[in-house]
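Geometric and topological summary
What follows is each chain in one-letter form.
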Amino acid sequence: MDLEERIALFLDYENLAIGARDHLGGMRFDLRPVTDALAERGRVVVRRAYADWSYFDEDRRMLTRSHVELIDIPQKMGASRKNAADIKMAVDALVLAFEREYVTTFVLCTGDSDFTPLVHKLRELNKKVIGVGVERTTSALLPPACDEFLFYDRLEGVEIPSAPAARPEPETPEPAPQPAPRDLETLVAQTVAGLQQSSGTVTASVLKRTLLRKDPTFNEADFGFRAFGELLRHLAGKSVIELADRAAKGDPEITLPERGDRETAFALLASVVQDGPVALSGLKNQLRKVAPGFSEKKLGYRSFLQFCKAAAAVGAVGLEWNQTADDYLVGSSSENVVPSP
């Protein structure tokens, strides 16, 4: 059975070309990095670009050489060619979704939030949606709506000029905020823990899909890795996860270590409460005074309470609810946690 993805590529060309020119040092948009990235994801069977091509005459040859169908939206007096191009692209995408069932993935090259409803509708029709946009001109609303979002600036083969041309900064509605630094170890461990609870077996492919659902802009290259497997081997070397080979080569099973760091953390917790029961609400701060880098999420626990319950389950500490304190009390496993009345 052929499981190859069939991809339809739609380019909101004005959005891409102006975004690259104004925010990437005056460079011209090049389609090759986009098609190279899509070649790794499936077979592109439809390529369409929308614009008033009288404004992008030099780009026409580059696109036609890449077998892109150019949809011309001429500018008319008193009319918005941008809105006309957006509407035409959205209508064509929906028509294709209904008429070509074999198309499994739609790639929308735009940073415009006006396409968010189209993304939602395509996903309702069981189509995977990948977005591509220039980072500084991409609306903050668009990436979370997609199954995956690729920032054009970060694609392999995009070479941004080192000395950007001086140009007036145009007003850009809803710019995408700069992404906050992500703790990779916490992100992966917490995701694996959640998948183990909900579905049991976790494979590399399942983990990658889940990470993309959490954050469609996730890319292992942002953390310095050439491939997702390389990232997993790095985390396994740091004992964040464990890998086990399966029949499906290249798709190992992933688990969280049952010993090592967890036992150390449980022992640390026990040492903090050895002098008497401590209320859960203030316990984490006490723990961090001893170990400033402590994080239960790095160990695969969604909350500090879950971590304490796991420690109690193996007998490292005692944990009981105290009605008077209206809180959990955590103490030594060798004594009653809740004082006798």
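Residues numbered from 1 in each chain as written. Predicted model: local features only at pLDDT ≥ 70, side-chain atom pairs only at ≥ 80, totals over all residues. Heavy atoms only, no water.

Description of the packing of helix H10 (residues 261-272) against helix H11 (residues 280-290)
Between two packed helices, what matters for the description is the angle formed by their axes and the separation of those axes. Rule in force here: Geometry is summarised by axes, namely lines fitted to C-alpha atoms with helices restricted to the contacting stretch, and by angles between N-to-C directions that run from 0 to 180 degrees. Each helix is a run of H or I in the DSSP string that is no shorter than four residues. Each strand is a run of E no shorter than two, and both are numbered from the N terminus. Orientation categories follow fixed angle ranges, with anything under 35 degrees roughly parallel, anything over 145 roughly antiparallel, 65 to 115 roughly perpendicular, and all other angles oblique. Any two residues whose heavy atoms approach within 4.5 Å at even a single point are treated as in contact. Classes in brief: Ala, Val, Leu, Ile, Met, Phe, Trp, Tyr, Cys and Pro nonpolar; Asp, Glu, Lys and Arg charged; the others, Gly included, polar.
Relative orientation of the contacting elements H10 and H11 amounts to 110°, with a least axis distance of 10 Å. Put simply, H10 runs roughly perpendicular to H11. Contact residues: H10 offers Leu268, Leu269 and Val272, while H11 offers Leu283, Gln286, Leu287 and Val290. Of the residues in the contact of H10 with H11, the class split is 6 nonpolar, 1 polar and no charged.

Overview of the pattern of salt bridges
What counts, and what does not: Salt bridges are identified by distance alone: a Lys or Arg side-chain nitrogen within 4 Å of an Asp or Glu carboxyl oxygen.
The full count for this structure, using the stated rule, is 15 salt bridges. Residues arginine 123 and aspartate 147 are paired through a salt bridge, measuring 3.0 Å at the closest nitrogen-oxygen approach. One end of the pair, arginine 123, is in helix H5 (residues 116-124); the other, aspartate 147, is in the loop between helix H6 (142-145) and strand E6 (148-151), with 24 residues separating them in the sequence.

Observations regarding the packing of aromatic side chains
Applicable threshold: Paired rings are identified among Phe, Tyr and Trp, the last through its six-membered ring, by centres lying within 6.5 Å, and are further divided according to the angle between planes into stacked (under 30 degrees), edge-to-face (over 60) and tilted (the rest). Only protein chains enter the area calculation, which uses a 1.4 Å probe; residues under 20% of their type maximum are buried, those over 50% are exposed, and those in between are partly exposed.
For the structure shown, the criterion picks out 15 aromatic pairs. Centroid distance tyrosine 13 to phenylalanine 29: 5.6 Å. Interplanar angle 85°. Geometry classified as edge-to-face. Highlighted residues: tyrosine 13 in helix H1 (residues 13-23) and phenylalanine 29 in the loop between H1 and helix H2 (32-39), separated in sequence by 16 residues. Both residues of the pair, tyrosine 13 and phenylalanine 29, count as buried. Considering the side-chain rings of phenylalanine 294 and phenylalanine 304, the 6.2 Å spacing of their centres and the 85° angle between planes classify their relative orientation as edge-to-face. In this pair, phenylalanine 294 is assigned in the loop between H11 and helix H12 (304-313) and phenylalanine 304 in helix H12, connecting sequence segments 10 residues apart.

As far as function goes, none of this settles anything; it's purely spatial.
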